[in-house]
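Residue-level structural notes
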Amino acid sequence: MPIPIKNAEGIRCMRESCTIAANVLARMKEQVRPGITTYDLDQIGREIIASFGARSACYGYKLHSSAYPAYTCISVNEEVVHGIGSLKRILRPGDIVSLDVVVEYNGYIGDNATTVPVGPIESAVAELLRISEAALDLGIKQAQVGNRIGDISHAVQAHVEAHGFSVVREMVGHGVGRSMHEEPQIPNFGRKNSGDKIKPGMTLAIEPMVNLGRHHVRTLSDHWTIVTADKSPSAHFEHTVLTTDSGPEILTLASPTFPPLSKP
Ligand code: MF3
Ligand code: CO
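A brief look at the structure comes next.

1. A look at the nonpolar core
Ile-152, Val-160, Leu-204 and Ile-206 are the most contacted members of the largest nonpolar core, which has 25 residues in total. Of all the elements in the fold, those that place two or more residues in this core are helix H3 (123-141), helix H4 (149-162) and strand E9 (203-206). For this core, the leading source of residues is H3, giving seven residues. For Ile-206, the contacting residues outside a window of four places in its chain are Leu-136, Gly-139, Ile-140, Ala-143, Ile-152, Ile-186, Phe-237, Glu-238, His-239 and Val-241. Counting 22 residues, the second largest nonpolar core, distinct from the first, contains Met-28, Val-32, Ile-36 and Ile-74.

Dropping the structure here:
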C-alpha cells in the first residue's frame, strides 16, 4: 500500500482535526492533579471533544476483538499506552501520566499525546520525560522531504539510548489521515537511510514510547493496557506532522485562544 499524499483540501481538514486534538490535550493537561481519577480525566476529555464538535476516534476503536471502551488513552507510570480511565486509579504525587487524544473532525483524524508529572517526581523520571520529548523533536526534525522514514526512527532511538533509556518495539508511529492508522509504520528504532522516502503532503504521527528500564512490554488482561514488563515507568509523546518542501510542520499545536471567537 502506498503512503497517502494529502491534497490541499485534505491538508486543510488535517489542520482542523489536529488543532482540535491539540487543544483537547492542552485542556486535559490542565486538569491533571493529585486526587483526580483517570476516569474523571477521560470524562473531561469526552466533554471537551464534544464541545469542539469533534468525535473521539478511540471510543469503539477495534485493534482486535474488543472495542476500546474510553474516549482518550490515559496511561500511568508503568503503563506505556492505551490505558483505560478508571475510578479506582487516583493520581498521586510522584506519578507520571500519559494522555493520548485522537479525534475525528470532518472525516479526518488528529493524533497527539504528552506525558505530564503529577506533583513532584523523582529526578530520574523527570529526565525520562525530558529525553523522550527531545527524542520526539529530533524525530520530527528528520521528517524532511528526501529523507527516509528510518531517519526518523534512528534519530529517536539514538537519543533515547544515549541517555540509557529504551524504546518500545511493539508499537509504532504511523501515517494518519482519514484513518487513524495509515501507511507508513514509523518505528522508534531503525537505521538511517532505510524505509520509504518522505514526500511532500504526508501526515505522520510520530510517537516515541520510552521506558526507564528495559524495552519489553506486555498487555494487561483488559486486552488494551500496555505495561512495561519490568514495571519501570514509561513516557509517551506524540505529534501529527505535515511534510512540506520547506520542512516538517507540526499540526497538533494548541492555542490559548482556541476556538476562534465568532465575529459579532
Ligand atoms: N495514539 C494511539 C495510536 O496511535 C491511539 C490509539 S487509540 C485506541 O495507536 F483506540 F487504540 F486506544
Ligand atoms: Co498515534
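From this point, the narrative continues.
2. Quick word on the layout of surface pockets
Of the volumes computed, that of the largest pocket is approximately 450 Å³. Lining the largest pocket are 25 residues, with Leu-63, His-82, Val-172, His-174 and His-181 positioned closest to its centre. Elements with a minimum of two residues in the lining of the largest pocket: strand E4 (96-105), strand E7 (173-175) and strand E8 (182-186). The leading source of residues in the lining of the largest pocket is E8, at four residues. Of the residues belonging to the lining of the largest pocket, the class tally is 13 nonpolar, six polar and six charged. Looking at the second largest pocket, its volume works out to about 240 Å³. Lining of the second largest pocket is provided by 17 residues; of these, Leu-25, Lys-29, Ala-113, Thr-114 and His-239 occupy positions nearest its centre.

3. Here's the deal with the site of ligand 1
Neighbouring ligand 1 are 14 residues, the closest being Cys-58, Asp-100, Asp-111, His-174 and His-181. Side-chain polar atom of Asp-111 to a nitrogen atom of ligand 1: 3.1 Å apart, as the coordinates give it. Within the contact set of ligand 1, an oxygen atom lies 2.8 Å away from a side-chain nitrogen or oxygen of His-174. Computed on the free molecule, ligand 1 has an accessible area of 330 Å², of which 96% lies beneath the protein chains in the complex. More than half of the atoms belonging to ligand 1 lie within 2 Å of the grid points that define the largest pocket.

4. Remarks on the packing of helix H1 (residues 8-30) against helix H2 (residues 38-51)
Closest axis-to-axis distance for the H1/H2 pair is 10 Å, and the angle between their directions is 145°. In this structure, the crossing between H1 and H2 has a hand that is right-handed. Packed against H1, whose contacting residues are Val-24, Arg-27 and Met-28, the element H2 presents Leu-41, Gly-45, Ile-48 and Ile-49 at the interface.

5. Re the pattern of salt bridges
As enumerated under the stated definition, the model contains six salt bridges in all. The partner of Glu-16 in a salt bridge is Arg-12, with the nearest N and O atoms 3.5 Å apart. With Glu-16 and Arg-12 both in helix H1 and four residues apart, the pair spans about one turn of that helix. With a closest N to O distance of 2.7 Å, Arg-55 and Glu-104 form a salt bridge. Here Arg-55 is found in strand E1 (residues 55-56), whereas its partner Glu-104 is found in strand E4, with 49 residues between them in sequence. Judged by its relative accessible area of 19%, Glu-104 is buried. One connected set of salt bridges, linked through shared partners, spans Glu-9, Arg-12 and Glu-16.

6. Describing the coordination of the cobalt ion (ligand 2)
Think of it this way: four donors in a tetrahedron around the metal ideally sit 109.5 degrees apart, and six in an octahedron ideally sit 90 or 180 degrees apart. Coordination of the cobalt ion (ligand 2) by the protein comes from Asp-111 (OD), His-174 (NE2), Glu-207 (OE) and Glu-238 (OE), over a distance range of 2.1 to 2.3 Å. Coordination at the cobalt ion (ligand 2) is irregular, judged from the six donor atoms that bind it and the angles of 63 to 164° they form at the metal. One chain supplies every donor to the cobalt ion (ligand 2), and in sequence these donors are spaced D-x62-H-x32-E-x30-E. Of the two residues, Asp-111 sits in strand E5 (residues 108-117) while His-174 sits in strand E7, which places them 63 residues apart along the sequence. Taken individually, Asp-111 and His-174 each receive the classification buried, so the pair is uniform in this respect.

Thresholds applied
- Residues numbered from 1 in each chain as written.
- Chains lettered and ligands numbered in written order.
- Predicted model: local features only at pLDDT ≥ 70, side-chain atom pairs only at ≥ 80, totals over all residues.
- Heavy atoms only, no water.
- Core = buried A, V, L, I, M, F, W, Y, C linked by side-chain atoms within 4.5 Å.
- Buried < 20%, exposed > 50% of the residue type's maximum accessible area, 1.4 Å probe, protein only.
- Helix = DSSP H or I, 4+ residues; strand = E, 2+ residues; numbered from the N terminus.
- Contact = heavy atoms within 4.5 Å.
- 1 Å grid on protein atoms, 1.4 Å probe; cavity = no way out; pocket = protein on both sides within 12 Å on 5 of 7 lines; lining within 4 Å.
- Points joined across faces, edges and corners; volume = space filled by probe spheres on them.
- Nonpolar A, V, L, I, M, F, W, Y, C, P; charged D, E, K, R; others polar.
- Near = heavy atom within 4 Å.
- Polar contact = N/O pair within 3.5 Å; in protein donor to acceptor, adjacent residues only side chain to side chain.
- Areas by Shrake-Rupley, 256 points an atom, 1.4 Å probe, with all protein chains shown as cover.
- Sits in = over half its atoms within 2 Å of the grid points.
- Axes fitted to C-alpha atoms, helices over the stretch in contact; angles between N-to-C directions.
- Left-handed = near helix turned anticlockwise from the far one by under 90°.
- Salt bridge = Lys/Arg side-chain N within 4 Å of Asp/Glu carboxyl O.
- Donors = N, O, S within 2.8 Å, 3.2 Å for Na, K, Ca; no water.
- Tetrahedral: all angles 85-135°; square planar, octahedral: opposite > 155°, others 65-115°.

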